[in-house]
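The chain contents come next:
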Amino acid sequence: MPLDQKHLPAQPSADSGPDRTSGRDAVDRDAVDEAPDGATALADGGDRSAPAPAWDIRQAGPWTHRDLAANGARFHIAELGEGPLVLLVHGWPEYWWAWRHQLTALAEAGYRAVALDLRGIGGSDRTPRGYDPGNLALDITGVIRSLGENRAHLVGHASGGTLSWVAAVMRPSVIQSLTVVSAAHPRDLRRALLTDRRQMAAFEHVLGFQRPWIPERRLVADDGELVGRYLDAWTGRNQLDRAAVAAYRQAIQIPSTAHCSIEPYRWLLRSMARPDGIQFARRMKKPITAPTLHVQGAADPVLLSHTALGGGEYVAAPYRWRLMPGVGHFPHEEAPQEFTAELLDWIGRHKD
């Protein structure tokens, strides 16, 4: 969809920008400017020459960070709490940080909350291949096993929601309950992208991702300014906070992230007429046996609500459709309290 030309906060200048060698390379200028007694608080006699704190993909908090191996790659997770496992899978252009509100709320409610960085994003490995939905879904179920659990409540947003649908089909015994946010069932999405002009227009950015190299360069240009524009344009009445937008702009600039993160979208469109894409669509006819909560923002301009509606057709288990008025593409961030209450109620009903 056409982007909303909203004003974005000033970003670090080129001569003080990231060295593009790791996830710790970009300077968090908001933290520096607001520090009352820090090295840059010159009015209080601070040291002009002291280095500013580096931005880190592993943001500090009550959670712990660690890496684990699954499905032939290394994955970064943030983990908090003890109890039944709830695995949280982000969408594009976010990373594990998108679930910060739910991590704390789930832990307080007696769950082991784990937010995953998908392959090619955040602190996880950027492999040269493996970005088709089948393999990415096996990443998710492999992480569940690597966490020492046989089953998990799986929560996925946008592209992470699509992969959650797939994981529930491919490894049904591993998924205790399913919560899908801003993501149509893959068969419904495929149908819409072939027949629905409105949904095709809403996926304008995905169409643009099909070009070689140019999308990657645009995404990292001007400190990820395009990602900030996408985030602003895709929200409803409650915009994402500026610190979160700045973090997602930083994350897209980690080397290879722009390329790896859009590879699944390239597979989505390019595979439609190929045997692998047709076979995948057929495989997704299999009924989902996990109780499924399907959350959709009524004001989502990316995944239109009428495209998402109807996912229950593929669920042979309890299914709840929840449409959130005034909410855009990021219900878990735009209305975190309302979304988290809905999530806790759902997984609480399906603990056993």
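The sections below set out a description of the structure shown in this document. (Residues numbered from 1 in each chain as written. Predicted model: local features only at pLDDT ≥ 70, side-chain atom pairs only at ≥ 80, totals over all residues. Heavy atoms only, no water.)

**Thoughts on the side chain of Thr-307**
Checked against the element boundaries, Thr-307 lands in helix α12 (residues 305–308). Looking at Thr-307, the relative accessible area reads 4%, which means it is buried. Residue contacts for Thr-307: discarding those within four places in its chain leaves Ala-184, Asp-188, Leu-189, Ala-192, Asp-196 and Gln-199. (Helix = DSSP H or I, 4+ residues; strand = E, 2+ residues; numbered from the N terminus. Buried < 20%, exposed > 50% of the residue type's maximum accessible area, 1.4 Å probe, protein only. Contact = heavy atoms within 4.5 Å.)

**Details of the nonpolar core**
Among the nonpolar cores identified, the biggest contains 99 residues, and Leu-87, Trp-92, Tyr-95, Leu-116, Leu-178, Leu-219 and Tyr-248 are the most heavily contacted of them. The element that contributes the greatest number of residues to this core is helix α4 (residues 159–170), accounting for seven residues. Once you skip the residues sitting within four places of it in the chain, Leu-178 turns out to touch Leu-154, Ser-164, Trp-165, Ala-168, Ile-288, Ala-290, Pro-291, Thr-292, Leu-293 and Trp-346. (Core = buried A, V, L, I, M, F, W, Y, C linked by side-chain atoms within 4.5 Å.)

**Describing the packing of helix α3 (residues 133–146) against α4**
As a packed pair, α3 and α4 sit with axes 8 Å apart at the nearest point and diverge in direction by 75°. Accordingly, the angle class assigned to the pair α3 and α4 is roughly perpendicular. In this structure, α3 uses Pro-133, Gly-134, Leu-136, Ala-137, Leu-138, Ile-140 and Thr-141 to contact α4, whose residues at the interface are Leu-163, Val-166, Ala-167 and Met-170. Each residue belonging to the contact of α3 with α4 can be placed in one class, and the counts come to nine nonpolar, two polar and no charged. (Axes fitted to C-alpha atoms, helices over the stretch in contact; angles between N-to-C directions. Parallel < 35°, antiparallel > 145°, perpendicular 65-115°, else oblique. Nonpolar A, V, L, I, M, F, W, Y, C, P; charged D, E, K, R; others polar.)

**Quick word on the pattern of salt bridges**
Taken as a whole and assessed by the stated rule, the structure comprises 20 salt bridges. Ionic pairing is found between Arg-242 and Asp-232, a salt bridge with its closest N-O pair at 2.7 Å. Here the residue Arg-242 occupies a position in helix α9 (residues 242–252), and Asp-232 occupies one in helix α8 (residues 214–233), the gap between them amounting to 10 residues. Accessibility expressed as a relative area gives 3% for Asp-232, which makes it buried. The salt bridge involving Arg-322 is made with Glu-338; its shortest N-O contact spans 2.6 Å. Of this pair, Arg-322 sits in strand β8 (residues 319–324) while Glu-338 is found in helix α14 (residues 336–349), placing the two residues 16 residues apart along the sequence. According to the relative accessible area criterion, Glu-338 is partly exposed, its value standing at 37%. (Salt bridge = Lys/Arg side-chain N within 4 Å of Asp/Glu carboxyl O.)

**Some remarks on the environment of Gly-326**
Topologically, Gly-326 is positioned in the loop between β8 and α13 (331–334). Classification of Gly-326 by relative accessible area gives partly exposed; the value is 23%. Spatially, the C-alpha atom of Gly-326 lies 8.5 Å from that of Asp-300, the residues being 26 residues apart in sequence. With near-sequence residues (within four places) excluded, Gly-326 lies in contact with Gly-236, Arg-237, Ala-298 and Ala-299.

**A word on the sheet that holds strand β2 (residues 73–80)**
Read across the sheet, eight strands follow the order β1-β2-β4-β3-β5-β6-β7-β8 without closing on themselves; strand pairing throughout is mixed. Only two strands of the sheet have a single partner each, and these edge strands are β1 (64–70) and β8. The mean inter-strand angle of the sheet, taken between neighbouring strand axes irrespective of direction, is 20°. Both strand β6 (residues 175–181) and strand β7 (residues 292–297) contribute to a ladder of four bridges, which runs parallel. Its bridge partner lying in β7, Val-181 is registered against Val-295. With respect to the sheet, α3 is in contact with β1, β2, β3 (85–89), β4 (112–116), β5 (152–157) and β6, its orientation differing from that of β1 by roughly 110°. Contacts between α4 and the sheet are confined to β3, β5, β6 and β7, with β5 contributing the most and set at about 140° to the helix. (Pairing = 2+ DSSP bridges.)

**A few points about the packing of aromatic side chains**
Evaluation of the coordinates by the stated rule reveals 14 aromatic pairs. Taken together, a centroid distance of 5.4 Å and an interplanar angle of 75° make the contact between Trp-63 and Trp-96 edge-to-face. Within this pair, whereas Trp-63 is found in the loop between α1 (29–34) and β1, its partner Trp-96 is found in the loop between β3 and α2 (100–108), the two being separated by 33 residues in sequence. Trp-63 gets classed as buried once you look at its relative accessible area, which sits at 9%. The class of Trp-96 is buried, set by a relative accessible area of 0%. Aromatic rings pair up to connect Trp-55, Trp-63, Tyr-95, Trp-96, Trp-97 and Tyr-248 into one cluster. (Phe/Tyr/Trp six-rings, centres within 6.5 Å; stacked < 30°, edge-to-face > 60°.)

So far we have only geometry, and geometry alone does not tell us how the molecule works.
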